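Per-entry structural report
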Amino acid sequence: MFVFWIFVFIFGLFGWLVYGSKKLIADVEKDYELLKEVKTYDISDKQYWICFDTIAGGLFIFMGLWVVWMWLSNFPRTNNAETMLAVGFIASMLFGIAALLIYPNYHYRVLTKKRPVTFDPIHKMMGVGEADGERVFSVNEIEKIIIHATDSRLDIRYLEMKLKNGETLLFDPRFWMGMATEKFFEGVPSERVSRWIPWFRHSDVI
């Protein structure tokens with residue numbers, strides 16, 4: 001039965017990846033069509049959390065709990081050092097993978113919570129909603145964009161945008177215009193910083 005659920009989990013993830021890839025391609029094509037229009041991205045909690053990362057993380061948590069439950073349901077027959085070490089290792093690995101998938105999303109939610117981002121490709125202007133109003137600036141006012149990202153296939157990254165007036169803005173760009181984002185920021189100097197998990201400090205958010 002355990003092997004069956006493993007196969008269900010693997011093929012379920014594969015199907016989700018195929019669906020997500022098709023949706024991503026469709027969204028990118030649509031964004032290219034809208035590249036000449038003003039567009040605002042105001043990410044909701046529902047839109048933010050219903051994604052591959054959090055759903056996959058939830059499945060890993062379920063599998064970890066299932067392993068622990070199977071061990072406890074067969075206790076004390078499985079009460080030996082080897083079994084306890086194996087169960088502890090497998091459960092820790094599953095919970096660790098879940099944390100790696102879910103926690104960065106929770107961490108990065110700070111960058112998008114009540115913070116709509118508006119793109120005006122015609123005038124090359126950008127607006128960022130803040131508690132004290134909207135901050136509007138042109139692409140020419142950006143001194144450099146630093147991309148903090150992992151070297152893995154996981155889409156864990158954030159942008160550190162340095163303005164010429166000395167301000168620094170942090171963004172989670174995953175819900176923006178897809179590949180069209182590169183065209184919007186075309187000509188702006190950029191730098192990539194590779195990290196195992198790219199964290200940021202909450203106090204850095206402006």
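These remarks concern the structure in this document. For clarity, every value in this text was computed on a predicted model and none was experimentally measured.

Re the overall build of the chain
Scanning the chain for helices and strands turns up five helices and eight strands. Scored against the burial criterion, the 206 residues of the chain give a buried share of 37%.

Structural notes on the packing of aromatic side chains
Under the definition given, this model contains six aromatic pairs. Summarising the aromatic geometry, the rings of tyrosine 108 and tyrosine 158 are spaced 5.9 Å apart at their centres and angled 70 degrees between planes, so their arrangement reads as edge-to-face. Of the two residues, tyrosine 108 is situated in helix H4 (residues 81–112) and tyrosine 158 in strand S6 (residues 157–163); the sequence distance between them amounts to 50 residues. Of the two residues, tyrosine 108 and tyrosine 158, neither departs from the other in class, the shared state being buried.

Overview of the sheet that holds strand S8 (residues 190–194)
If you trace the four strands from one edge of the open sheet to the other, you get S7-S6-S5-S8, paired in mixed fashion. Bordering the open sheet on either side are strand S7 (168–171) and S8, each of which pairs with just one other strand. Along the sheet, successive strands turn relative to each other by an average axial angle of 20 degrees, direction set aside. One ladder, built from four bridges, connects S6 with S7; its direction is antiparallel. When the sheet's bridge partners are listed, leucine 159 is paired in S7 with phenylalanine 171.

Notes on the sheet that holds strand S4 (residues 133–138)
Strand order in the open sheet formed by four strands is S1-S2-S3-S4, with antiparallel pairing between adjacent strands. Two strands bound the open sheet, and with one partner strand each, they are strand S1 (39–41) and S4. Taken over all neighbouring pairs, the strand axes of this sheet differ in orientation by 20 degrees on average, direction set aside. Strand direction decides the pairing type here: S1 and strand S2 (residues 117–120), joined by three bridges, are antiparallel. Looking at S2, one finds that threonine 40 is bridged to threonine 118.

A few points about empty space enclosed by the protein
According to the stated counting rule, one finds one cavity of 30 Å³ or more in the structure shown. Volume-wise, the largest cavity comes out at about 80 Å³.

Structural notes on the side chain of histidine 148
By the secondary structure assignment, histidine 148 is in strand S5 (residues 142–149). A polar side-chain atom of histidine 148 sits 3.2 Å from a polar atom in the side chain of arginine 195. Not counting the four nearest positions on each side in its chain, histidine 148 is found in contact with Ile156, Arg157, Tyr158, Glu160, Val193, Arg195 and Pro198.

What to know about the packing of helix H3 (residues 52–73) against H4
At a minimum axis separation of 8 Å, H3 and H4 run at an interaxial angle of 160 degrees. Classified by the interaxial angle, the pair formed by H3 and H4 is roughly antiparallel. Crossing of H3 against H4: the hand is left-handed. In terms of residue class, the contact of H3 with H4 is made up of 18 nonpolar, six polar and one charged.

Some thoughts on the environment of tyrosine 41
Tracing the sequence through the fold places tyrosine 41 in strand S1. Linking tyrosine 41 and arginine 115, residues 74 residues apart in sequence, is a C-alpha distance of 8.8 Å. A polar side-chain atom of tyrosine 41 sits 3.4 Å from a polar atom in the side chain of lysine 39.

Brief notes about the pattern of salt bridges
Two side chains with opposite charge may pair up if their charged atoms get near one another. Evaluation of the coordinates by the stated rule reveals eight salt bridges. The closest approach of N and O atoms between glutamate 130 and arginine 115, which form a salt bridge, is 3.3 Å. Residue glutamate 130 is located in strand S3 (residues 125–130), and its partner arginine 115 is located in the loop between H4 and S2; the two are separated by 15 residues in the primary sequence. Between glutamate 191 and lysine 144 there is a salt bridge, with its nearest N and O atoms 3.2 Å apart. In this pair, glutamate 191 is assigned in strand S8 and lysine 144 in strand S5, connecting sequence segments 47 residues apart. A residue is classified by how much of its surface remains accessible, and lysine 144, at 31% relative accessible area, is partly exposed. Salt bridges sharing common partners tie together Arg115, Glu130, Arg135 and Glu167.

Conventions used here
- Residues numbered from 1 in each chain as written.
- Predicted model: local features only at pLDDT ≥ 70, side-chain atom pairs only at ≥ 80, totals over all residues.
- Heavy atoms only, no water.
- Helix = DSSP H or I, 4+ residues; strand = E, 2+ residues; numbered from the N terminus.
- Buried < 20%, exposed > 50% of the residue type's maximum accessible area, 1.4 Å probe, protein only.
- Phe/Tyr/Trp six-rings, centres within 6.5 Å; stacked < 30°, edge-to-face > 60°.
- Pairing = 2+ DSSP bridges.
- Axes fitted to C-alpha atoms, helices over the stretch in contact; angles between N-to-C directions.
- 1 Å grid on protein atoms, 1.4 Å probe; cavity = no way out; pocket = protein on both sides within 12 Å on 5 of 7 lines; lining within 4 Å.
- Points joined across faces, edges and corners; volume = space filled by probe spheres on them.
- Polar contact = N/O pair within 3.5 Å; in protein donor to acceptor, adjacent residues only side chain to side chain.
- Contact = heavy atoms within 4.5 Å.
- Parallel < 35°, antiparallel > 145°, perpendicular 65-115°, else oblique.
- Left-handed = near helix turned anticlockwise from the far one by under 90°.
- Nonpolar A, V, L, I, M, F, W, Y, C, P; charged D, E, K, R; others polar.
- Salt bridge = Lys/Arg side-chain N within 4 Å of Asp/Glu carboxyl O.

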